[in-house]
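This is what each chain is made of:
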Amino acid sequence: MEVAETIQSIRSLIKVARDSGKNIGLVPTMGALHIGHISLIEAARKKCDYVVVSIFVNPTQFVPGEDFDKYPRPFEADLDICQKAGVDAVFAPAPEQMYPAENITWVNVEKLTEPLCGQFRPGHFRGVTTVCTKLFNIVAPDIAFFGQKDAQQAIVIRRMVADLNMPLEIVICPTVREQNGLAVSSRNKYLTEQQKKDAANIYKSLQKCHQMIDAGVKNTSEIIAEMSKILQQIPSIEIEYINIVDAETLRNIDHIVGRVLTAVAVRIGPARLIDNILVDAAE
Ligand code: AMP
């Protein structure tokens, strides 16, 4: 496995791979790798001959006051995980590689970035779409792999790629969960064991939503009220949002039809946690 810290060095590695006829897969991450990231690497290995994992805690997607400084950066452990997972190259640039000067050029996806996390993290998605554009330009992957765990991010990236005719495919992989249902996340490291147990209620609330839709409930306020009850069983929880939206447009809906995305964001102790499910409602 190669480790590249500069744009020039990752480009040289990729040129060699491409010249020998290999197709390139990219798994963009912020490091602190876990089984969720490994599932993306495995998906990439199935579809691609040469797998690149980028590890970059992107400053432009953190809103002032968020956890940029204390975000975990266990670099050696991450390299070990990548090596064992069969990654061909890790791209781990320093912030000055990615942003050598004040950044004054941005990629901005409208509308889809406004609801859900967009309301609470102003500028977050602009940072995500800008860094992904930079990574796509640097690595030039045939396929990039993202997690359903960050559903809004995946939808926004897919739309950006379509709207800007970027020559790559976006693959979205299922959310990997702990045994108790908690979506695996680098930010779970901020939780105590008790808080991790409590946080299982996030997935319980999503399952409740699924059950209610399957049982034919159409009124979204009714479902959200039930979900809210389950979440409020967590001591010290702060609910940021519980939204049921159209899975394509991300617009709020009052009445369930077709494919819906139910998304939750909460704060438990020091961690902001998000999770979601996609549900296809019967006609
Ligand atoms: P992050 O390092 O948190 O920016 O995540 C990098 C990629 O891994 C993103 O595409 C995430 O959606 C994905 N990811 C994070 N957690 C999970 C998970 N539990 N299951 C599947 N994908 C995940």
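Residues numbered from 1 in each chain as written. Predicted model: local features only at pLDDT ≥ 70, side-chain atom pairs only at ≥ 80, totals over all residues. Heavy atoms only, no water.

**Student:** Even after reading the chapter, I still don't get helix α9 (residues 200–214), so can you show me in this structure?
**Tutor:** What sets the pattern is the α-helix's 3.6 residues per turn: residues three or four places apart point alike. Compared with an ideal rise of 1.5 Å per residue, which puts 15 residues at 21 Å, α9 spans 21 Å between its outermost C-alpha atoms and is within 8% of the ideal. Regarding α9, the residues found buried are Ala200, Asn201, Ile202, Ser205, Leu206, Cys209, Met212 and Ile213. Those residues of α9 that are buried are in contact with α8 (193–198), α10 (220–231), β7 (237–246), β8 (259–268) and β9 (271–280). Just downstream of α9 lies Gly216, where phi reads positive at about 95°. (Helix = DSSP H or I, 4+ residues; strand = E, 2+ residues; numbered from the N terminus. Expected span 1.5 Å × (residues − 1). Buried < 20%, exposed > 50% of the residue type's maximum accessible area, 1.4 Å probe, protein only. Contact = heavy atoms within 4.5 Å.)

**Student:** Teacher, can you tell me more about the nonpolar core here?
**Tutor:** A general feature of soluble globular proteins is that nonpolar side chains tend to end up buried together. Val52, Phe91, Phe136, Ile157 and Met160 are the most contacted members of the largest nonpolar core, which totals 46 residues. No other element matches helix α6 (residues 124–139), which puts 8 residues into this core. Looking at which domains feed residues into this core, each of domain 1 (2–173) and domain 2 (186–277) supplies at least three. Setting aside chain neighbours within four positions, we find Ile157 in contact with Val128, Thr129, Cys132, Phe136, Phe146 and Ile170. With 32 residues, the next largest nonpolar core counts Leu191, Met212, Ile244 and Val279 among its residues. (Core = buried A, V, L, I, M, F, W, Y, C linked by side-chain atoms within 4.5 Å. Domains from an automatic or database assignment.)

**Student:** Whenever I open this one, the packing of α6 against helix α7 (residues 151–163) confuses me. Can you help?
**Tutor:** When two helices pack together, their arrangement is given by the angle between the helix axes and the distance between those axes. Viewed as axis vectors pointing N to C, α6 and α7 meet at an angle of 55°, and their least axial separation amounts to 10 Å. Taken as axis vectors, α6 and α7 run oblique relative to one another. As for how α6 packs across α7, the hand of that crossing is right-handed. On the side of α6, the interface is formed by Phe125, Val128, Thr129, Cys132, Thr133 and Phe136, while α7 contributes Gln152, Gln153, Val156, Ile157, Met160 and Val161. Here the contact of α6 with α7 is composed, by residue class, of 8 nonpolar, 4 polar and no charged. (Axes fitted to C-alpha atoms, helices over the stretch in contact; angles between N-to-C directions. Parallel < 35°, antiparallel > 145°, perpendicular 65-115°, else oblique. Left-handed = near helix turned anticlockwise from the far one by under 90°. Nonpolar A, V, L, I, M, F, W, Y, C, P; charged D, E, K, R; others polar.)

**Student:** Help me out: how do you make sense of the pattern of salt bridges in this one?
**Tutor:** Throughout the structure, instances matching the rule amount to 13 salt bridges. We note a salt bridge from Glu193 to Lys196, for which the minimum N-O separation is 3.5 Å. In this pair, Glu193 and Lys196 are both assigned in helix α8, 3 residues apart and thus about one turn of the helix distant. According to the relative accessible area criterion, Glu193 is exposed, its value standing at 57%. Look at the salt bridges and you will find they share partners, linking Glu240, Arg267 and Arg272 into a network. (Salt bridge = Lys/Arg side-chain N within 4 Å of Asp/Glu carboxyl O.)

**Student:** Is there a simple way to think about the layout of surface pockets in this case?
**Tutor:** Think of a ball as big as a water molecule: rolled over the atoms, this probe shows where empty space is left. When its volume is computed, the second largest pocket comes out at roughly 610 Å³. Of all elements in the fold, only α7 and β8 reach the threshold of two or more residues within the lining of the second largest pocket. Among the elements that take part in the lining of the second largest pocket, α7 stands out by supplying 7 residues, more than any other. For the lining of the second largest pocket, the residue count by class is 14 nonpolar, 3 polar and 9 charged. Inspection of the lining of the second largest pocket shows a minimum of three residues originating in each of domain 1 (2–173) and domain 2 (186–277). (1 Å grid on protein atoms, 1.4 Å probe; cavity = no way out; pocket = protein on both sides within 12 Å on 5 of 7 lines; lining within 4 Å. Points joined across faces, edges and corners; volume = space filled by probe spheres on them.)

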